[in-house]
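Tertiary structure, described
Residue strings, one per chain:
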Amino acid sequence: MSMSSLSSSNKPDIRGLSLVELTKAFTAIGEKPFRAKQIFDWIYKNGAMDFDSMSNISSDLRTKLKENFFLSSPKIVEEHISNDGTKKFLFEMADREKVETVIIPTATRATVCVSTQAGCKFGCKFCASGIGGWTRNLTAAEILSEILYAKSKSNLHPLSHIVFMGTGEPLDNYDNLMQAIRLINAKEGLGIAARRITVSTCGVIPKILQLAKEGLQIELAISLHGYNDESRKVLMPVNKKYPMNDLIAACREYIKATKRQITFEYILIKDVTCSPEAVRELGMLLKGMICKMNLIPYNPVSEFDHKMPTRQEMFDFQDSLERAGIHATIRTPRGRDVGAACGQLRHTAQKSAAV
Ligand code: SAH
């Protein structure tokens, strides 16, 4: 779907344009190029959510802007603040699709977890995002509006890191993802270093290889969640199309091109993912690779039958991985009291809309 087709008026959403594109568009409507930079500052430095708040822009130009462009204002339909400070928002887009965004503060900074699609095609058998299927890609402007809104809500903890770990598969919406990343990264945009941007993927190999060639040191996280093809394809149907050995080869390629370590995300499900066999296989699979493993305790989703292992089982599994030469940490769950696991808010909102 094209960017403009989502605005009610068929005008381009100004937030999804690069400075070069906006400058060109301004020249085309007889405006001075420096005005484009002014508007950019309003959007990215001052967080303007509409044209009328751009106070040093003449009302004539504001009228002209409204005639030629669109500036999507995210509508917040739910806002939850967890006991641990995690904030979760459910946004409604112009076509009423809903997506969620999470702000995760630490002592000094904040990370925003961003959605890239309304729903998800990949149907992982533990994830709430895939249950209702896929509706559409988010535009670059919509992705950016999640981040800019989160920025405006994290005054106490400046927004320093972006993780694409919300609803959807970022690499299945590659062009819009990259347009958004370039604007996050650009100094005239949000000015956030590529090393502070993490893209998490279920393993869309051709796009991993494409990302490796972008010349950006984006952090790559791979949802592994299995230790061989058999165990992985039960939980992740994507493994049938993109099997494990090819995925690991693509990861090695990514490390070579970007000189960055890869993070493997690995879900901890009782009696499913944390066996001695898993340790053995993972040790062989990841031998000599510049990587670390992020162990994610399964966050219960009512549609699935899995259970989280006990704390002791999780620590034992972590220890065994370390002994097999894999550096592994257990992710501290954040915001569980407000359903901050992937796709839970959107999914719950959809379920209650259906009854
Ligand atoms: N599509 C991307 C981003 C999705 S979510 C990907 O697959 O990587 C970010 C992480 O949360 C992924 O590793 C995903 O597998 C994991 N996740 C999803 N549902 C979960 C659940 N119920 N419990 C624990 N982790 C989950």
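For the coordinates displayed, the defined rule picks out 0 disulfides. With no disulfide partner, Cys-274 has as its closest neighbouring cysteine sulfur the one in Cys-124, 17 Å distant. For Cys-274, a relative accessible area of 22% gives the class partly exposed.

Another aspect to go through is the domain arrangement of the protein. You can read the domains of the protein as domain 1 (14–68) and domain 2 (75–354). Computed over C-alpha atoms only, the centres of domain 1 and domain 2 are separated by 33 Å. Across the boundary between the two partners, domain 1 contributes 12 residues, which contact 13 residues of domain 2. For the pair domain 1 and domain 2, the summed buried surface comes to about 1,000 Å²; carbon and sulfur atoms form 62% of the total. Between the two partners, domain 1 and domain 2, sit 0 salt bridges. Remark: the boundary between domain 1 and domain 2 carries 5 residue pairs in polar contact (both at pLDDT 80 or more). Along the lines of polarity and charge, the residues of the side of domain 1 that touches domain 2 split into 6 nonpolar, 2 polar and 4 charged.

Here the focus is helix α1 (residues 19–28). Within α1, the full set of buried residues consists of Leu-19, Leu-22 and Phe-26. For α1, the arc enclosing every buried residue in end-on projection is 65°, short of the 170-degree limit, so these residues lie on one face. Counted as exposed and oriented over 90 degrees from the buried face of α1: Val-20, Lys-24 and Ala-28.

Turning our eyes to something else, we now look at the environment of Pro-33. Within the secondary structure layout, Pro-33 lies in helix α2 (residues 33–45). It is 9.4 Å that separates the C-alpha atoms of Pro-33 and Val-20, two residues lying 13 residues apart in sequence.

Counted under the stated rule, the structure contains 16 salt bridges. When the shortest N-O distance is used, the salt bridge between Glu-219 and Arg-260 registers 2.5 Å. Of this pair, Glu-219 sits in strand β9 (residues 219–223) while Arg-260 sits in the loop between α9 (244–258) and β10 (262–268); the two residues are 41 residues apart in sequence, bridging distant segments of the chain. Taken individually, Glu-219 and Arg-260 each receive the classification buried, so the pair is uniform in this respect. It is possible to trace a salt-bridge network through shared partners that takes in Lys-75, Glu-92, Arg-96 and Lys-98.

For the rest of this paragraph, the subject is the packing of helix α6 (residues 205–212) against α9. Running from amino to carboxyl end, α6 crosses α9 at an angle of 10°, the nearest separation of the two axes being 9 Å. Classified by the interaxial angle, the pair formed by α6 and α9 is roughly parallel. Together, Ile-205, Ile-208, Leu-209, Leu-211 and Ala-212 of α6 and Asp-246, Leu-247, Ala-250, Glu-253, Tyr-254, Ala-257 and Thr-258 of α9 make up the contact between the two elements.

Between its first and last C-alpha atoms helix α4 (residues 140–152) spans 18 Å; for 13 residues at 1.5 Å apiece the expected length is 18 Å, and the two agree. Within α4, 11 of the 13 residues are buried, which leaves it mostly tucked inside the rest of the structure. Considered for burial, the residues of α4 that qualify are Ala-140, Ala-141, Glu-142, Ile-143, Leu-144, Ser-145, Glu-146, Ile-147, Leu-148, Tyr-149 and Ala-150.

Phi at His-225 is positive, roughly 60°, even though this residue is not glycine. If you trace the backbone, His-225 turns up in the loop between β9 and α7 (229–235). Even without being a glycine, Lys-259 presents a positive backbone phi close to 60°. Mapped onto the secondary structure, Lys-259 falls in the loop between α9 and β10.

Read from one edge of the open sheet, 10 strands run β1-β2-β3-β4-β7-β8-β9-β10-β11-β12, paired in mixed fashion. Only two strands of the sheet have a single neighbouring strand rather than two, namely β1 (75–81) and β12 (328–330). Ignoring which end each strand starts from, the neighbouring axes of this sheet average 20° apart. As paired elements, strand β3 (residues 98–105) and strand β4 (residues 110–113) share 4 bridges and run antiparallel to each other. Opposite Pro-105, over in β4, you have Ala-110 as the bridge partner.

The rules behind the values
Residues numbered from 1 in each chain as written. Predicted model: local features only at pLDDT ≥ 70, side-chain atom pairs only at ≥ 80, totals over all residues. Heavy atoms only, no water. Disulfide = S-S within 2.5 Å. Buried < 20%, exposed > 50% of the residue type's maximum accessible area, 1.4 Å probe, protein only. Domains from an automatic or database assignment. Contact = heavy atoms within 4.5 Å. Buried area = accessible area lost by both parts, 1.4 Å probe. Salt bridge = Lys/Arg side-chain N within 4 Å of Asp/Glu carboxyl O. Polar contact = N/O pair within 3.5 Å; in protein donor to acceptor, adjacent residues only side chain to side chain. Nonpolar A, V, L, I, M, F, W, Y, C, P; charged D, E, K, R; others polar. Helix = DSSP H or I, 4+ residues; strand = E, 2+ residues; numbered from the N terminus. Arc of directions from axis to C-beta. Axes fitted to C-alpha atoms, helices over the stretch in contact; angles between N-to-C directions. Parallel < 35°, antiparallel > 145°, perpendicular 65-115°, else oblique. Expected span 1.5 Å × (residues − 1). Pairing = 2+ DSSP bridges.

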